[in-house]
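# Commentary on secondary and tertiary structure
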Amino acid sequence: MDLSVTLKGQTHDLKLKNPVLTASGTFGYGVEFAPYGDLAALGGIVVKGLSLKPREGNPCPRIVETTAGMLNAVGLQNDGVEVFCRDKLPHLPWRETPIIANMYATSPAEFGELAARLDGEEGVAALEVNVSCPNVKEGGVLFGQDPKLAAAVTAAVRKGAPRKHVMVKLSPNVTDIALMARSVEDAGADSVSCINTLLGMAVDLRTRRPSLANVVGGLSGPAIKPVALRCVWQAAQAVKIPVVGMGGIVSAEDALEFILVGAAAVQVGTANFMRPDSAFALAAELPAACERLGARSPAELRGALRMD
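Residues numbered from 1 in each chain as written. Predicted model: local features only at pLDDT ≥ 70, side-chain atom pairs only at ≥ 80, totals over all residues. Heavy atoms only, no water.

In the annotation of an unreviewed UniProt entry, the entry for the chain reads Dihydroorotate dehydrogenase, and the organism field reads Desulfovibrio fairfieldensis. Heading Sequence similarities (unreviewed entry) of the UniProt record for the chain holds this comment: "Belongs to the dihydroorotate dehydrogenase family. Type 1 subfamily." Regarding the chain, the UniProt comment filed under Subcellular location (unreviewed entry) reads as follows: "Cytoplasm". (UniProt positions renumbered as here; feature names shortened; annotations may be inferred.)

## Some remarks on a nonpolar patch on the surface
On the surface, Leu 199, Met 201, Val 203, Val 215 and Val 216 cluster together to form a nonpolar patch covering roughly 440 Å² of accessible area. Tracing the sequence through the fold places Val 215 in the loop between strand 15 (209-210) and strand 16 (216-220). We classify Val 215 as partly exposed; its relative accessible area is 35%. (Patch = residues over 30% accessible without salt bridge, like charges linked within 9 Å, V, L, I, M, F, W, Y side chains within 5 Å. Areas by Shrake-Rupley, 256 points an atom, 1.4 Å probe, with all protein chains shown as cover. Salt bridge = Lys/Arg side-chain N within 4 Å of Asp/Glu carboxyl O. Helix = DSSP H or I, 4+ residues; strand = E, 2+ residues; numbered from the N terminus. Buried < 20%, exposed > 50% of the residue type's maximum accessible area, 1.4 Å probe, protein only.)

## Let's talk about helix 1 (residues 81-88)
Those residues of helix 1 that fall on the buried side of the exposure criterion are Val 81, Phe 84 and Cys 85. Summarising the axial view, the buried residues of helix 1 lie within an arc of 90°, below the 170-degree limit, and thus occupy one face. (Arc of directions from axis to C-beta.)

## Topic: the pattern of salt bridges
One pass over the structure, following the stated rule, counts 13 salt bridges. Close ionic contact of Glu 82 with Arg 117 constitutes a salt bridge, the shortest N to O distance being 2.8 Å. Of this pair, Glu 82 sits in helix 1 while Arg 117 sits in helix 2 (residues 108-119); the two residues are 35 residues apart in sequence, bridging distant segments of the chain. Exposure remark for Glu 82: the relative accessible area of 41% places this residue in the partly exposed category. With a shortest N-O distance of 2.9 Å, Lys 225 and Glu 257 are connected by a salt bridge. You can see Lys 225 sitting in helix 5 (residues 225-238) and its partner Glu 257 sitting in helix 6 (residues 252-260), a full 32 residues away along the chain. Residue class for Lys 225 comes out buried when judged on its relative accessible area of 15%.

## Some thoughts on the UniProt feature "binding site: FMN" (unreviewed entry) in the chain
Cross-referencing UniProt, the feature "binding site: FMN" (unreviewed entry) maps to Ser 24, Lys 48, Gly 49, Asn 102, Asn 130, Lys 169, Ile 195, Gly 221, Gly 247, Gly 248, Gly 269 and Thr 270 in the present numbering. Taking the relative accessible area as the measure of exposure, Ser 24 reaches 14% and is therefore buried. In contact with Ser 24, other than residues within four places in its own chain, are Val 46, Val 47, Lys 48, Gly 49, Asn 102, Glu 128, Lys 169 and Gln 267. Residue position: Ile 195 is located in the loop between strand 12 (191-194) and strand 13 (198-201). Beyond its immediate chain neighbours, meaning those up to four positions away, Ile 195 contacts Lys 169, Leu 170, Pro 172, Ile 177, Ile 224, Val 227, Ala 228, Cys 231 and Met 246. (Contact = heavy atoms within 4.5 Å.)

## Points about the pairing of strand 8 (residues 126-130)
Residues in a regular strand project their side chains so that they alternate between the two faces of the sheet. Counting buried positions along strand 8 yields 5 of 5 residues, so the element is predominantly enclosed. Here strand 8 shows a buried face lined by Ala 126, Glu 128 and Asn 130 and a second buried face lined by Leu 127 and Val 129. When strand 7 (residues 99-103) meets strand 8, the two strands line up parallel, connected through 4 bridges. What sits directly across from Asn 102, in strand 8, is Glu 128. Following the backbone out of strand 7, through helix 2 and into the adjacent parallel strand 8, one traces a crossover that is right-handed. In this sheet, strand 11 (residues 165-169) lies alongside strand 8 in parallel orientation, the contact comprising 5 bridges. (Pairing = 2+ DSSP bridges. Right-handed = clockwise from strand over helix to strand, strands pointing away.)

## Let's talk about the sheet that holds strand 18 (residues 265-268)
With respect to topology, 8 strands assemble into an open sheet ordered 3-18-17-12-11-8-7-4, the strand pairing being parallel. Because the sheet does not close on itself, it has two edges, and the strands there are strand 3 (20-22) and strand 4 (45-50). Each strand of the sheet is rotated relative to its neighbour by a mean of 30°, with strand direction disregarded. As paired strands, strand 17 (residues 243-245) and strand 18 are joined by 2 bridges and run parallel to one another. Looking at the pairing, Gly 245 lines up with Val 266 of strand 18. Across the sheet, helix 5 touches strand 12 and strand 17, and the angle it forms with strand 17 is around 175°. Contacting strand 3 and strand 18, helix 8 (residues 278-292) crosses the sheet at an angle of about 175° to strand 3. (Axes fitted to C-alpha atoms, helices over the stretch in contact; angles between N-to-C directions.)

As structure tokens, this is what we get:
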């Protein structure tokens, strides 16, 4: 069965051997999961968010289990782009599997600088732009909640990385995700991925305190799948560029549901915390899941949702 898919961008295409990628923040830098499966068997590896300088992240506790999901407030802890390029990237199978660098910054100029640094790395196939970041100069307003700010970030990354496929990761914490998708498409994005986490919180009745030191965090896992499907469907209806779907995917059938509503590929996230071999298993199970549905490939199901 042909599982390959090409994310046809406005500037650069991204070719995948199958539509299963890992989600940023759930798969480390990729090398940590090598003991659990063949990294080269995945469609793509999205590494944890990178910033120009190392970040310590938020204080603990910063991960808590919830009903059908988890909350995290890790705070984008990472070793910085230089350490990643020097110590992590060489150990990834970038010649066989596209490596996608997720990016974090606090201004369009900083995003552009980070993009320019990664543009020169042969082992990085694409950039995923995390617009769920606070714009310090705008008083903490999240880029992903303002179409003009999201477009400004996208344009800065596009200018800084003219040789890379640019994917923009959209937040569900907006009134109109279709508007956000169109804004980044118009600014030069090659694809969009959605959704990032939903904002939530948990409390401990015994201590009468928030469960997270940061009080609020990002909700992910099966609990958010209906929201994610809705957002992917709306985004796919709104733009011509490919949409990569994520949010609560734990099985091959889940993945195919996202493809059915219009996703070209999917990312597996929180499931990696439940089972570290989840992404590998899902990719292996995809052909059988298609056969059970009478489909010759995932591409045959893409956008085939019946509305009659």
